[in-house]
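Breakdown of the fold
Okay, here's what each chain looks like letter by letter:
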Amino acid sequence: MTYLPRLASVEQACSWLAVETNEAWTLQRLMEYRLRPYFWLEHDEKLPRLSNNRLEGVMAEMVFGGDLQRLEFDGHEPFVTMFRTEDGTLCKSEPGFKLPLHELRFKRQEIEETANLVNQRKKPREAALTPREQNLEKRPFTVHLEEGKVVKFCDLAHIIAKAMYPSDADLGSYGITRLTLDDDLLEAVKTQELTVRNPAGMGAITWVAPSALKSGVLLPSELGAFLGKRGIGLVLLPHGSGPIYWTIENAAQDIAKQESLHSGACGTLLDAMVDAANARELTVRDPHTCLPFFPLVARQFYELVTHGDVNKWLEQQGTPYRWRTVEATSAYLSGAVILNIGGRSALPVRALPYVTSWNLSPDEVAGNLARKTGAHARLQNTSALHLVGDMPTKMLANEWDAFVVQLDALKAALSNLYQGEEDADSRRYADWRQRSASLLPAGVFVWLDDFHNDHQRDFSPEAVTYTQERGGERELNLSPYMDAQALAMVMEGFDSVQHSASQSIREAPLASDLIAFTSWYDATLSASYWWGLSDLQPAEAAMLLCEQDPHEEPTPERTTTSETTPLDYRKLLRAFTDVAKREPSPRTLSVWHKHARAERLKYHSWIDRYASAVNQSGDWECDKTAASFEMQGAFTTPPNGTPSVARDGITTAQVAAIFDALPYTAENWTKRLSDTKWLQSARVSLGAAGGATSLWCPATLARLIHGKARAGDKQKTLEALNRKFRNKSVLAPWRTDWDDHYAVFNDADEHQ
């Protein structure tokens, strides 16, 4: 079939696509590629408005997701409960009605775009560029848009003008181009060169007036012809490629890249993930809402997953690895100004000028967070937060108005102060840098991953052009040089927040006192125990070389000590695992230490000093043993001599880490503890703003979690919670309380 009608039936569309792509096509495959089905709605005298009083009827589009899923699943008899008419009117029919399959129609333009997409994917990467692609390569300007994400019509003029004149030095040309584009875009809509759609139902807006088009949106895939005529290339970024939401296919590829899996293993992983999604073991999300849902058939290229979704599934499968986020794989976790808030990395807003080498000055920070920057807006996906108790709370844009005014006042005052003086500009700027950052609010922060993503986009070569780029202008410096006074100013208001660069709670004595030094690590790290073992596993050795005791079940993938980062741990683990596979044999901690030194791997220096002390000859071993007991006693008795008792509860951050995926992920626990009523009975004490965190009774939490579990999952949940109390040393004070609950319900479950 060579001719394709403007409105093709299912049979005509499949036949034409089969010829064009040399592949078999069915209705289900048409639906997989999101082609929109239409039908003819006959005039009804009882409901004449549905057909706009047109006796011949109107064409209508099936729009309800449930109807489309049923059609994809059944493939024989369309059933319609909601539809949209040509003028964009959304209608609901109760209880719905059936249509003959032969009455469905698909638009020629969408069918042709599908054929182009399929054929494009089949091309080998090294194939020669087509004339159209060569033309795109030669175009001087390029617009990058995310595939599947609509573009606001009111933003299109800015997007095009910014692509043509990205530098701040071209503001004049940018402004003239944008004004010209406003009229050009209206004319393009009138001539139907551009199709502006209603965001509520995605129907075309036919009333061409600025007021009507202001809220309209455009599909990125429909912009190519319009931009191409103006010498502007269009690059569609892959759908579902992170950093938050990923298609199952892209997620499997990213995990394979992380774990160095070959293509066959990647394919096996992808199949397992798709099977898990279809079995509802792996949570998938609707691409339109990003909310969890259960499709009849999960598609590897369409439904989305997050790191939390995949890692929860990986944990259930017992895999030895987890899918790491960009944040978790970055060495910037050891930055000097990074905070750890609820297990998530954050930056004080006062640090933003310093980490961006003052490319973002304090007045720009305040103006952007106040959303007052117009066409040259930055940080549009970054929000400022402050702590209310231990709950991160977003600041409103209008709360930044006061800080914008203060910074403007300082700028004016400095201009008057240095007016007419020699080197006025240099002196004024030096004074500005000295005083302006302190006018940003104390105790306010941004999430590091959000800011990092915005910074990459805001200072990309497409967004900013430097006349004399020296290198580093586009990078974040998370350990900037600051004197003590500046650092204290930046960290003001975060006294109660854990500082990522100093997460190690140990403060060891000087190595010059060998007895005290080794006794310290024997007491805090069980060093003598680990040193005496004849065989250590690679993971145990890697943890110890990063100053972490494997018995305490640390989280080395997320923990930064005084000298090592999660990246250092991963490098050690990878190297040790490779040695163990290549040359299987028992290895002591001393052997692993020597191997790390020989391979010049980075590790914590405590092991060097400890090995040196142990290997020295002398009569101090007995004294060391006695001192070790004294040192251990120092950790169980406070300075006032009163024996220590168990704490009243565990912190919110500890709850998130210990009870991850039971039932909430670590990222969601903080919010759930704040606003979920059935958890409140586990609260022991309430935190205060800028002060101590709330404390929670883990035994009570565990009982509540078990009680809320579904009937079929209660025993599984009970066992998972029991393992937490058996393995987590921090839960030891509540073990007896939990054992009573476990004994009662475990027996009950067994006899059901």
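Computed from a predicted structure; not experimentally measured.

Our next topic: the overall build of the protein. Counting secondary structure elements, the protein contains 30 helices and 23 strands. Sorting the 752 residues of the protein into buried and exposed places 43% on the buried side. Expressed as a percentage of contacts within the protein between residues at least 6 apart in sequence, the contacts between residues at least 24 apart total 60%. Accessible surface, the protein: about 39900 Å² in total, of which carbon and sulfur atoms supply 52%.

Okay, the sheet that holds strand β5 (residues 90–98) next. Strand order in the open sheet formed by four strands is β2-β3-β4-β5, with antiparallel pairing between adjacent strands. If you trace the sheet from one side to the other, it starts and ends with β2 (38–41) and β5, each paired once. When strand polarity is set aside, the average angle formed by the axes of neighbouring strands in this sheet is 40°. Both strand β3 (residues 58–62) and strand β4 (residues 79–85) contribute to a ladder of three bridges, which runs antiparallel. Counterpart to Met-62 in the pairing with β4 is Phe-83. Across the sheet, helix α3 (residues 65–74) touches β3 and β4, and the angle it forms with β4 is around 125°.

Bringing the pattern of salt bridges into the picture now. This structure, assessed with the given rule, holds 19 salt bridges. Taking the shortest distance from any N to any O, the salt bridge between Glu-23 and Arg-29 comes out at 2.5 Å. Residue Arg-29 is classed as buried on the basis of its relative accessible area, which comes to 18%. Residue Arg-197 pairs with Glu-222 through a salt bridge whose shortest N-O separation is 2.7 Å. Of this pair, Arg-197 sits in the loop between α7 (171–190) and α8 (210–213) while Glu-222 sits in the loop between β9 (217–218) and α9 (224–228); the two residues are 25 residues apart in sequence, bridging distant segments of the chain. Judged by its relative accessible area of 8%, Arg-197 falls in the buried class. Each of the salt bridges in this network shares a partner with another, and the network as a whole consists of Asp-578, Arg-582, Glu-583 and Arg-587.

The next thing to look at is α3. Of the positions making up α3, those classed as buried are Asp-67, Leu-68, Leu-71 and Glu-72. Here the buried residues of α3 occupy an arc of 135° about the axis, which is enough to place them on one side.

Turning next to the packing of aromatic side chains. Taken as a whole and assessed by the stated rule, the structure comprises 17 aromatic pairs. Between Phe-39 and Phe-83 the ring centres are 5.9 Å apart and the planes differ by 75°, which places this aromatic pair in the edge-to-face class. Residue Phe-39 is found in strand β2, and its partner Phe-83 is found in strand β4; the two are separated by 44 residues along the sequence. Here Phe-39 matches Phe-83 in class, with each residue buried. Between the aromatic rings of Trp-606 and Tyr-610, the centroid separation amounts to 5.6 Å while the plane-to-plane angle is 65°, which identifies the pairing as edge-to-face. Residue Trp-606 and its partner Tyr-610 are both found in helix α24 (residues 606–615); the two are separated by four residues, about one turn of the helix. Residue Trp-606 shares its accessibility class with Tyr-610, and that shared class is buried. Taken together, the ring pairs in this structure connect Phe-39, Phe-83 and Phe-97 into an aromatic cluster. The ring of Trp-592 is capped by Arg-587, whose NZ or CZ atom sits 5.4 Å from the centre of that ring.

On to the packing of helix α22 (residues 566–582) against helix α23 (residues 589–598), then. The geometry of α22 relative to α23 is characterised by a closest axis approach of 11 Å and an angle of 110° between their N-to-C directions. As summarised for this structure, α22 and α23 are arranged roughly perpendicular, according to the angle between their axes. Both α22 and α23 take part in a crossing whose hand is right-handed. Between α22 and α23, the residues in contact are Leu-572, Ala-575, Phe-576, Val-579 and Ala-580 and Trp-592, His-595 and Ala-596, respectively. Broken down by class, the residue content of the contact of α22 with α23 amounts to seven nonpolar, one polar and no charged.

Taken residue by residue, the protein gives an average pLDDT of 77. The fraction at 70 or more is 80%. The least confident element of the protein, judged by mean pLDDT, is helix α25 (residues 621–636) at 35; the most confident is helix α21 (residues 538–545) at 93. Predicted confidence is poor over residues 125–139, with pLDDT under 50, and the contacts of this stretch with residues over four places away or in other chains come to 12 contacts. Counted against residues more than four places away or in other chains, residues 327–334, with its pLDDT under 50, gives 26 contacts.

Locating Thr-670 in the fold gives a position in helix α27 (residues 666–675). Of the residues examined, Thr-670 reaches a relative accessible area of 13% and is grouped as buried. The sequence separation of Thr-670 and Val-655 amounts to 15 residues, and the corresponding C-alpha distance is 8.5 Å.

To continue, consider the environment of Gly-96. Residue placement: Gly-96 occurs in strand β5. Residues Gly-96 and Asp-67, 29 residues apart in the sequence, show an inter-C-alpha distance of 9.9 Å. Leave out the neighbours within four places in its chain, and Gly-96 touches Phe-79, Val-80 and Thr-81.

Below, the discussion takes up the sheet that holds strand β22 (residues 683–685). Strand pairing in a sheet takes place through backbone hydrogen bonds and is either antiparallel or parallel in direction. Pairing within the open sheet is antiparallel, and its three strands lie in the order β21-β23-β22. Pairing within the sheet leaves two strands with one partner each, and these edge strands are β21 (650–651) and β22.

This part covers the nonpolar core. Among the nonpolar cores identified, the biggest contains 48 residues, and Leu-347, Tyr-354, Trp-400, Phe-451 and Val-490 are the most heavily contacted of them. Here this core gets five residues from one element, more than from any other, and that element is helix α15 (residues 401–417). Once you skip the residues sitting within four places of it in the chain, Phe-451 turns out to touch Leu-347, Leu-352, Val-355, Thr-356, Leu-360, Leu-379, Thr-382, Val-446 and Leu-476. If you look at the next biggest cluster of nonpolar residues, it comprises 29 residues, including Ala-13, Leu-71, Val-80 and Phe-106.

Counting buried positions over the five residues of strand β16 (residues 344–348) gives four, a clear majority of the element. Bridge analysis of strand β15 (residues 339–341) against β16 gives three bridges, and the strand direction is antiparallel. Residue pairing across strands places Leu-339 opposite Ala-346, the latter belonging to β16. In terms of strand pairing, β16 meets strand β19 (residues 444–447) through three bridges, oriented antiparallel. Bridge pairing in β19 places Leu-347 opposite Val-446.

Cut-offs and rules
Residues numbered from 1 in each chain as written. Predicted model: local features only at pLDDT ≥ 70, side-chain atom pairs only at ≥ 80, totals over all residues. Heavy atoms only, no water. Helix = DSSP H or I, 4+ residues; strand = E, 2+ residues; numbered from the N terminus. Buried < 20%, exposed > 50% of the residue type's maximum accessible area, 1.4 Å probe, protein only. Contact = heavy atoms within 4.5 Å. Areas by Shrake-Rupley, 256 points an atom, 1.4 Å probe, with all protein chains shown as cover. Pairing = 2+ DSSP bridges. Axes fitted to C-alpha atoms, helices over the stretch in contact; angles between N-to-C directions. Salt bridge = Lys/Arg side-chain N within 4 Å of Asp/Glu carboxyl O. Arc of directions from axis to C-beta. Phe/Tyr/Trp six-rings, centres within 6.5 Å; stacked < 30°, edge-to-face > 60°. Lys NZ or Arg CZ within 6 Å of the ring centre and 35° of its normal. Parallel < 35°, antiparallel > 145°, perpendicular 65-115°, else oblique. Left-handed = near helix turned anticlockwise from the far one by under 90°. Nonpolar A, V, L, I, M, F, W, Y, C, P; charged D, E, K, R; others polar. pLDDT = per-residue confidence, 0-100. Core = buried A, V, L, I, M, F, W, Y, C linked by side-chain atoms within 4.5 Å.

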